[in-house]
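Structural characterization, general
These are the residues of each chain, in order.
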Amino acid sequence: MFSRCVATLIIVVTGHMLTVPPVRAQETTQSEREAMYYRYLEFASYVKGGLIELNEANRYVEPHWMADGSSFWYAEGAPANTVIFKIDPEANTKTPLFDTARLRQALTLLLGHEPPYEGLPFDQFTFMDDAETAIRFTLEGKDFMLELDTYVATRAPVQSEEEKSRFIPQVWGKALVGGTPISGEIREVLSPDRRWFAGIKNRNLSLRSTYDGRTQPLTTDGIEDYFWTVDDAHWSPNSLKLAVKKIDARQAAKMPLVHWLGPIEEVEWVYPHRTMTGGPMRQPELFVVDILSRRQIRVDTGEERNQYLHVLGWLPDGSELLFLRVDRWLKNLQLMAADPNTGAARVILSETQKTFVVGLQLTYRGWIGGVGLFTLLPDGRRFIWMSERDGWNHLYLYDLDGSLIRQLTEGRFPVMQFVAVDEKEGWVYFAAHGDPARAYDQHLYRVNLEGKDFTRLTEAPGFNEVQFAPSKRFFLNTHSSVERPPAVELRTADGTLLQTLSKANIDAQRELEWKPPEEFVVKAADGKTDLYGVLYKPYDFDPSKKYPVIEHIYAGPQSRFIPWFMPDIQSQALAQLGFVVFHLVGRGTPGRGKEFQDVVYGNFGRHEIPDHVAALKQLAEERPYLDLGRVGIYGGSSGGYFTIRAMLLAPDVYHVGIASAPVVEPFTHGNRIEMYMGPPSENKDGYEYFSNLRFAHQLEGKLLLIHGTSDLSASFSHTMKMIEALIRAGKPYDLIVLPEQDHSVSYPILSLTEVHTYWGEAIRRYFQEHLKPELGSEPGRTGGR
């Protein structure tokens, strides 16, 4: 997966070109460490079963629910010996769904040769009827059918688009049918009656028939900077109307994207992912389009154009369209209902904060549905609403006229996700950080619709992820911790354990001499707030020796890193080279209550590094093996910003930094910053302090900047501005430019390519060269910069 890169690295240092020679082989001990480093980069391949699915050999329990709403099937095993099991929760049984020998024999007769592998030659299929008596599957590029009572296999006829549409998959439990899935790039949205796909052609809405595949235009007025989109689109229940947005980008700024690798450089003008801070946004307009008359009804979303709109869906009878309206500063969130025939809209409820409502996540397509900010009950008259109005994220039951019926959950803990509601039995299920002794452990809880009988349903410490059966009578719980590999359990709705379906096997990790990371708790810079983190240590860790320290940082206010069992692979691998690597979840991040996160408001860049410095010093007080004379830090995106920030604000603490795709100033990062800083006109000092450019003269250590030239999230101009500031300050820097690469270089382990391999090798070399972990081989020795 990762190969050793021996190519010469070209680095620009204050305008001069330097050649860094390939890393030479060192003594046997260091060679052994590097070998272990590469093996740890393959960490996932040493885990079999459970949750992890990072290569073909590893599967997790992915339930495919069956007609009764409780039973399901899933595939288990590597491709060479795949078995598909049927789970019947009512009988609490796990049995093979197919007779593998009979199926292979039937296919041998049909194919004229033995099918591949030894188990089932497929791991995906669809039932052909509601009685589930026949299946359809693909093998060797051809479609086949199998009668389950006789095991007669035949070639399957070509399916029409309408037939294919019967088997549209689900994404995070929300069907593609009728509405937009919550993740992935949206191409088409299928109507509830499965007759039409709504899509985009030449910036206009179009319909594609599932019967014969013919397309027809639905609109004709879309142009380059004023276009239709099916992102967030929702069909009405009767499939006659489509709620859809049109984007007016005529005033929004574009950025030049230079394509360097052709015979002649080409410049493409594109919309960045971020709006210029305080500048015109790409303004959404909400419409209801009648697919028969082509009539467009514009929904009244108010006079403010610079705002966010999110379509939630329709009432079951189609009488109203529900959507969210959020001002650009995220201080005012409104749940709205619109008349699809006139476009008139009413406010159901308003949510306001002096700082921000929810945060950046509120602008992510799909976050709202995935977390459950709004959930309409099956009765179509009430809904569950998620709010931090009392300082903690909780659930509230409302009537559709906006009347609060009651608060369902309360206490000094945050609800993290709405999971399910069983209106018939009167239960609401949700995930929360409800254990005061372990602030980031996530468990499943339930409370009844009267707001009573609050109960925790999962026991295992760590992270518990739940998938409910459509019947709401059973659920799957996948749980793990930093030291316990994933296991998947089948439970009844009240939490009673029925059986363990799968448990990750980590026997292969013995050859890695793997030990789980050390969890720790320290105080923030305020001296009173508990902060949590983990330490990764070398496989041959010896507390009598000295180890250089590396911090992997992100610290953005919209997320936090919790490793659980699946570690930060890059950081854990770096530790095997003779480093101690740590992660810290500091103040200003979500999941600990509104007060904890609001530390960031108006002060982005002010409290984060002091928190991390305080943590590092406390760790060293109790761990003399940490060599504070050799401290490195690295991160991407917001982590790139804070890497540079640490090098500039705490040069006596951090000596080596690697910043990937960094943000360096607030104005070209736009709406990602302004919602946490407020309007620039009201926080001039905060915006000025945010900028890393003003502190360039304080750099003392070694700084490597890595950036892709096609980054639309944190544009390449950020690194160019940082370089210019360093040059003016007379400070040397190192640089790696990745031609035509986008923002994914800041998350390299998620997309393993030659470029990301090069990225990882650059990080390894830079820390090895400048932090010299081999010095830790002598007990008590302290290295310098």
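A brief structural summary. (Residues numbered from 1 in each chain as written. Predicted model: local features only at pLDDT ≥ 70, side-chain atom pairs only at ≥ 80, totals over all residues. Heavy atoms only, no water.)

1. Brief notes about the overall build of the protein
Check the secondary structure of the protein and you find twelve helices and 46 strands. The proportion of buried residues among the 785 residues of the protein is 56%. A separation threshold of at least 6 residues defines the contact pool for the protein, and within that pool the share at least 24 residues apart is 57%. (Helix = DSSP H or I, 4+ residues; strand = E, 2+ residues; numbered from the N terminus. Buried < 20%, exposed > 50% of the residue type's maximum accessible area, 1.4 Å probe, protein only. Contact = heavy atoms within 4.5 Å.)

2. Some thoughts on the sheet that holds strand β46 (residues 734-738)
Across the sheet, which stays open at both edges, the eight strands sit in the order β39-β40-β42-β41-β43-β44-β45-β46 with mixed pairing between neighbours. The sheet terminates laterally at β39 (518-523) and β46, the two strands that pair on one side only. Shown here is a sheet whose adjacent strand axes are inclined to one another by a mean of 20°, direction ignored. Summarising the sheet, strand β43 (residues 626-636) and strand β44 (residues 656-660) pair through five bridges and their orientation is parallel. Paired with Gly-636 across the two strands is Ser-660, which belongs to β44. (Pairing = 2+ DSSP bridges. Axes fitted to C-alpha atoms, helices over the stretch in contact; angles between N-to-C directions.)

3. Quick notes on the pattern of salt bridges
Applying the stated rule across the entire model yields 41 salt bridges. Here Arg-389 and Glu-351 are joined by a salt bridge, their closest N and O atoms 2.9 Å apart. Highlighted residues: Arg-389 in the loop between β28 (382-387) and β29 (394-399) and Glu-351 in strand β26 (residues 345-352), separated in sequence by 38 residues. Across the pair Arg-728 and Glu-724 runs a salt bridge, and its minimum N-O distance is 2.1 Å. Of this pair, Arg-728 and Glu-724 both sit in helix α11 (residues 716-729), four residues apart, roughly one helical turn. What makes Arg-728 exposed here is its relative accessible area of 69%. Under the relative-accessibility criterion, Glu-724 is labelled partly exposed at 36%. Taken together, the shared-partner salt bridges in this structure form one network comprising Asp-248, Arg-250, Glu-285, Arg-298 and Arg-305. (Salt bridge = Lys/Arg side-chain N within 4 Å of Asp/Glu carboxyl O.)

4. Examining empty space enclosed by the protein
If you walk through the whole model with that rule in mind, you get four cavities of 30 Å³ or more. Approximately 120 Å³ is the volume found for the largest cavity. In terms of lining residues, the largest cavity is bounded by 13 residues, among which Tyr-554, Ala-555, Phe-561, Leu-584 and Val-585 are the most central. Per element, the largest residue contribution to the lining of the largest cavity is three residues, and it comes from strand β42 (residues 580-585). When its volume is computed, the second largest cavity comes out at roughly 70 Å³. Lining the second largest cavity, in full, are Ala-252, Ala-253, Tyr-271, Pro-272, Arg-274, Thr-275, Met-276, Pro-280 and Arg-282. (1 Å grid on protein atoms, 1.4 Å probe; cavity = no way out; pocket = protein on both sides within 12 Å on 5 of 7 lines; lining within 4 Å. Points joined across faces, edges and corners; volume = space filled by probe spheres on them.)

5. Section: the sheet that holds strand β38 (residues 497-503)
With antiparallel pairing, four strands are arranged side by side in an open sheet as β35-β36-β37-β38. For this open sheet the edge positions go to β35 (463-468) and β38, each flanked by a neighbour on one side alone. Within this sheet the neighbouring strands show an average axis-to-axis angle of 25°, counted without direction. One ladder, built from six bridges, connects β35 with strand β36 (residues 474-480); its direction is antiparallel. Its bridge partner lying in β36, Gln-467 is registered against Leu-476.

6. What to know about the environment of Tyr-37
With respect to the secondary-structure elements, Tyr-37 resides in helix α1 (residues 28-40). Aside from chain neighbours lying at most four places away, what touches Tyr-37 is Gln-570, Ala-573, Leu-574, Gln-576, Leu-577, Gly-760, Glu-761 and Arg-764. Side-chain polar atoms of Tyr-37 contact the side chain of Gln-570, separated by 3.5 Å. (Polar contact = N/O pair within 3.5 Å; in protein donor to acceptor, adjacent residues only side chain to side chain.)

7. With respect to a negative patch on the surface
Judged by side-chain charge, Asp-129, Asp-130, Glu-147 and Asp-149 come together as a negatively charged surface patch. Tracing the backbone shows Asp-129 in the loop between β7 (126-127) and β8 (134-139). For Asp-129, a relative accessible area of 31% corresponds to the partly exposed category. (Patch = residues over 30% accessible without salt bridge, like charges linked within 9 Å, V, L, I, M, F, W, Y side chains within 5 Å. Areas by Shrake-Rupley, 256 points an atom, 1.4 Å probe, with all protein chains shown as cover. Lys, Arg positive; Asp, Glu negative; His and termini not counted. Charge placed at Lys NZ, Arg CZ, Asp CG, Glu CD.)

8. Structural notes on the layout of surface pockets
If you add up the space inside the second largest pocket, you get close to 540 Å³. Lining the second largest pocket are 23 residues; nearest its centre among them are Trp-392, Arg-412, Arg-592, Gly-593 and Phe-596. Elements supplying a minimum of two residues to the lining of the second largest pocket: β40 (530-536) and α6 (594-597). Element by element, the count of residues in the lining of the second largest pocket is highest for α6, at three residues.

Function-wise, these values are silent; they only describe arrangement.
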